[in-house]
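Inside the fold
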Amino acid sequence: MTSRPGERERARDLLASAGRVLILTGAGISAESGVPTFRGASGLWRNFRPEELATPEAFVRDARLVWEWYGMRREAISRCEPNVAHLAIAEWQLRDTNVGLATQNVDGLHADAARTARRPHAASDADGSEPHGRLLELHGAIFRSMCASCGIRSDHREPIDASSLATLPRCSSCAGLLRPDVVWFGESLDPIILERAFRWAEEADVCLVVGTSAVVQPAASLATVTRDTGGAIIEVNPERTPLTSVATVSIRDTATSMVPAIVPTLPPSGRPPGSASKI
Ligand code: OAD
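Residues numbered from 1 in each chain as written. Predicted model: local features only at pLDDT ≥ 70, side-chain atom pairs only at ≥ 80, totals over all residues. Heavy atoms only, no water.

1. Remarks on the sheet that holds strand β3 (residues 135–137)
The strands that make up a sheet pair up through hydrogen bonds in the backbone, lying either parallel or antiparallel. Strand order in the open sheet made by the six strands is β3-β2-β1-β7-β8-β9, with parallel pairing throughout. Of all strands in the sheet, those with a lone pairing partner are β3 and β9 (249–251), marking the two edges. Each neighbouring strand pair of the sheet contributes to a mean axis angle of 15 degrees, computed without reference to strand direction. Where strand β1 (residues 21–25) meets strand β2 (residues 99–103), five bridges bridge the pair, whose relative direction is parallel. Following the sheet pairing, L24 is matched in β2 by A102. (Pairing = 2+ DSSP bridges. Helix = DSSP H or I, 4+ residues; strand = E, 2+ residues; numbered from the N terminus. Axes fitted to C-alpha atoms, helices over the stretch in contact; angles between N-to-C directions.)

2. What about the confidence of the model for the protein?
For the protein, per-residue confidence averages 90 on the pLDDT scale, and residues scoring 70 or more make up 87% of the total. This stretch, residues 123–130, has a pLDDT under 50; its non-local contacts, to residues over four places away or in other chains, come to six contacts. (pLDDT = per-residue confidence, 0-100. Contact = heavy atoms within 4.5 Å.)

3. As for the environment of I29
Locating I29 in the fold gives a position in helix α2 (residues 27–31). As a C-alpha pair, I29 and N237 span 208 residues in sequence and 9.1 Å in three-dimensional space. Non-local contacts of I29, meaning those with residues more than four positions away in its chain, are made with N83, A85, H86, I89, N105, H110, V210, G211 and A255.

4. Thoughts on the packing of aromatic side chains
Given two aromatic rings, their pairing is described by the distance between the two centres and the angle made by the two planes. On inspection of all chains with the given rule, the structure shows three aromatic pairs. Their ring planes at 65 degrees and their centres at 4.9 Å tell us that W69 and Y70 sit as a pair that is edge-to-face. Here W69 falls in the buried class, since its relative accessible area comes to 3%. Residue classification places Y70 among the buried residues on the basis of a relative accessible area of 4%. Chaining the aromatic ring pairs together yields one cluster made of F59, W69, Y70 and W184. Across the ring face of W200, the terminal group of R20 is positioned such that the distance to the ring centre comes to 4.4 Å. (Phe/Tyr/Trp six-rings, centres within 6.5 Å; stacked < 30°, edge-to-face > 60°. Buried < 20%, exposed > 50% of the residue type's maximum accessible area, 1.4 Å probe, protein only. Lys NZ or Arg CZ within 6 Å of the ring centre and 35° of its normal.)

5. As for the pattern of salt bridges
In total, this model carries 14 salt bridges according to the counting rule given. Residues E187 and R179 are paired through a salt bridge, measuring 2.8 Å at the closest nitrogen-oxygen approach. Since its relative accessible area comes to 26%, E187 is described here as partly exposed. Owing to a relative accessible area of 8%, R179 belongs among the buried residues under this scheme. Measuring nitrogen to oxygen at the nearest pair gives 2.8 Å for the salt bridge that ties R227 to D228. On the accessibility criterion, R227 (31% relative accessible area) is partly exposed. With relative accessibility at 56%, the residue D228 sits in the exposed group. When salt bridges with common partners are traced through the structure, they connect E137, R144, R153 and D181 into a single cluster. (Salt bridge = Lys/Arg side-chain N within 4 Å of Asp/Glu carboxyl O.)

See below:
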């Protein structure tokens, strides 16, 4: 891992003086919580690649196998906790309404971190379910299900019994087969969430990109939208990615050692809450 000297200070200065920030995260931020990344060595399961199981075609062909894989992932994720990078971001969002977060992760760890950060403020804060309203889960949530027939979504944390088709989870309204409420390969992202994310990207002075290989679209293009509209890109990743060469600052380090070190600890002075300098 090598980054140029002074990159951390540059990143810290850029973030401290930014009017509005969009953070884009990927599997790398949760890797140190124990959640396997998609494209790392631990991405394979019984010789299947995620691209072979996370598709509507795979679900039609063998819903039991797909649920077995998701059951295993859900079980593994339920043992994981947010790390200091998730927590630093959650606390920053709590301090500063000009910080938005778009994640490609379906593990729910950003939402867990936001709940932890909000705990001391809980009495004055009525909305407990959607932390800040500024967390955009681009690819859905693994602990939510959607009915494959009627489309109703619900929180779903119960263990999955994928021993046969008959034991798979069913919709409480129409008895249709439930599926994980995640975006599969070949499917479109929720247009409302996507529209919000691109708006944040356009308005952001800085896009802070943490732990993503930046190869999956449209998520990866959020960073380039910020750059193309006059903002900066800061990347934190132990490896180079397609964004590295266009990033204003690229730091070769892990999320847990770098994110808490660069996020501002106080809201920028002289800027009223809710304002943005680029729009
Ligand atoms: P990937 O698995 O493609 O990439 C993980 C990135 O995290 C890599 O660039 C690693 O170098 C980096 N990384 C690993 N450890 C890290 C650490 N400790 N700190 C910081 N970075 C670290 O995961 P994503 O980019 O999130 O989509 O993948 C994007 C999407 O592709 C996923 O959301 C999923 C997948 O297919 C869908 O399921 C639709």
